[in-house]
Each structure stands twice: as structure tokens, then as C-alpha cells.
Amino acid sequence: MKENKVSRKIQIMQTLAEMLEEKEPVKITTAELARRTNITEAAIYRHFPSKRKIYEEMVIFFESSIFPRIESMRQNHANDEIPGLIVTLILTFLETNKGFAKIINKQALTAAEAKIDDKISLILEKLNVEIKQSFQSYERETKKKLALSSTNSSDLLMACMEGQIQAFIRSNFKKNPVSSWQEHWQLLRKIIFV
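Every value quoted in this text rests on a predicted model; they were computed, and no experiment measured them. (Residues numbered from 1 in each chain as written. Predicted model: local features only at pLDDT ≥ 70, side-chain atom pairs only at ≥ 80, totals over all residues. Heavy atoms only, no water.)

### Quick notes on the pattern of salt bridges
For the structure on display, the rule yields 11 salt bridges. Salt-bridge contacts for Glu-32 lead to Arg-36; the nearest nitrogen and oxygen are separated by 2.6 Å. One end of the pair, Glu-32, and the other, Arg-36, are both in helix H2 (residues 30-37), 4 residues apart, so they sit about a helical turn from each other. On the basis of relative accessible area, Arg-36 is assigned to the partly exposed category, the value being 31%. What you see here is one network of salt bridges that share partners, running through Glu-22, Glu-32, Arg-35 and Arg-36. (Salt bridge = Lys/Arg side-chain N within 4 Å of Asp/Glu carboxyl O. Helix = DSSP H or I, 4+ residues; strand = E, 2+ residues; numbered from the N terminus. Buried < 20%, exposed > 50% of the residue type's maximum accessible area, 1.4 Å probe, protein only.)

### A look at the environment of Met-73
Among the secondary structure elements, Met-73 is positioned in helix H4 (residues 51-76). As for Met-73 and Pro-83, which are separated by 10 residues in sequence, their C-alpha atoms are 9.9 Å apart. With sequence-adjacent residues up to four places away left out, Met-73 is seen in contact with Ile-82, Leu-85, Ile-86 and Leu-89. (Contact = heavy atoms within 4.5 Å.)

### Regarding H2
Turning to H2, its buried residues number three or more, namely Thr-30, Glu-32, Leu-33, Ala-34 and Thr-37. Immediately downstream of H2, the backbone of Asn-38 shows phi near 65°, a positive value.

### Let's talk about the packing of aromatic side chains
Centre distance and the angle of the planes are the two values used to describe a pair of aromatic rings. Under the defined criterion, the tally for this structure stands at 9 aromatic pairs. Plain terms: the ring middles of Tyr-138 and Phe-193 are 4.6 Å apart, the flat faces sit at 75° to each other, and that makes the pair edge-to-face. With Tyr-138 in helix H7 (residues 114-142) and Phe-193 in the segment after helix H9 (177-192), the pair connects residues that are 55 residues apart, well separated along the chain. For Phe-193, a relative accessible area of 13% puts it in the buried group. Where Trp-181 meets Trp-185, the ring centres are 5.8 Å apart and the plane angle is 25°; that geometry is what we call stacked. Of the two residues, Trp-181 and Trp-185 are both situated in helix H9; the distance of 4 residues between them amounts to about one turn of the helix. A relative accessible area of 4% places Trp-185 in the buried class. One aromatic cluster is present, built from ring pairs that chain together Phe-135, Tyr-138, Trp-181, Trp-185 and Phe-193. In this structure, Lys-126 is placed above the aromatic ring of Phe-67, and the distance from its NZ or CZ to the ring centre is 4.3 Å. (Phe/Tyr/Trp six-rings, centres within 6.5 Å; stacked < 30°, edge-to-face > 60°. Lys NZ or Arg CZ within 6 Å of the ring centre and 35° of its normal.)

As C-alpha cells, then:
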């Protein structure tokens, strides 16, 4: 029974993510979610007391999918590779789970989801810190200075990442954010790691 409950929750979240992928804006309502998942609105409310709670669970899923992988990167890659790998990880996740892109850039959120907005801002700040720490570790290990400060370098990568996400959404998910990021990263790497 518990497994069925988990799979229903996942089904509801996947359906919401699919709705966010649609070209034309869709009004996200529990009635529409119920219709598309082929379950009752009452069943949706048994799993999620509100639409905001679905978004919260999706953000938690995103966070729990990303940060353990970043920790693994730290153990298996050089510090000068990690900043680019973090951005690649995020863009790959969003390319695979397109609807999440509209949540991470907060386009899908309304005023009712203000707490989620704060949670996303916190996740983005944690990503910025992870990138910054990689730059700082590189400077400590190599005794070399970056062309920009570690703070400005991480801010630059975050701005590029957020720009890639926005361009991906604007293209109706047709533009491949990972391949264009790879080209950008090669140039940025040469500029930052002098």
C-alpha cells in the first residue's frame, strides 16, 4: 500500500512537470491535475494538502537529486573541473526534467508559493557557495590566483547557468542548454583559470 502511495505522489509530480513543459501556458489546478493523472481530486489532496505542497516536494526532489552528486564530484574530480561540472549537472537535470526549469527559474510560481520561492533562492545560493568553494580550493591547492575573485567567478557561472535555463525555456525546450554551456565553459575556464 505504501509503495502505491509513493508511486501516486510521483505520478502527480510528473504530471505537473509535464504540464509545465507545454508550449501554451496552462492553468495548473488540482482539477486539471486530477483529469490528467486519471485520479480524483480527493486522491490528490490525500497525497498533497495543496498545490503548493506539490511544488515543495518537487523542489525537495530536485535538491536531493543534485547535492549528493555534487559531493561525489568533489571526491572524484579536480577543483578546476568542479564548477563546470556543477553547472552541467543542473542543466542536464533540467534538460531531462524540463518542467523543473520553470520551477527553478520561478516562472511557474505564484504569490501563493512565496515559501517555495525562498527555498529555490536558498538552493541557488547553496549552488553558488559550492562553486565558490571549488574556486577557493583550487587557489589553496595550486597557490595560483584566479583572474576574478572566487566570489565574482562563481557569480559569473551562476549568471551563465540562469541565462541558459531562461534561454531553454524561451526556446520552448528546443535549445540544448548543455551543449551550448560546454562551449561557454571552455571559454570561461580559459579566462578564469589564468
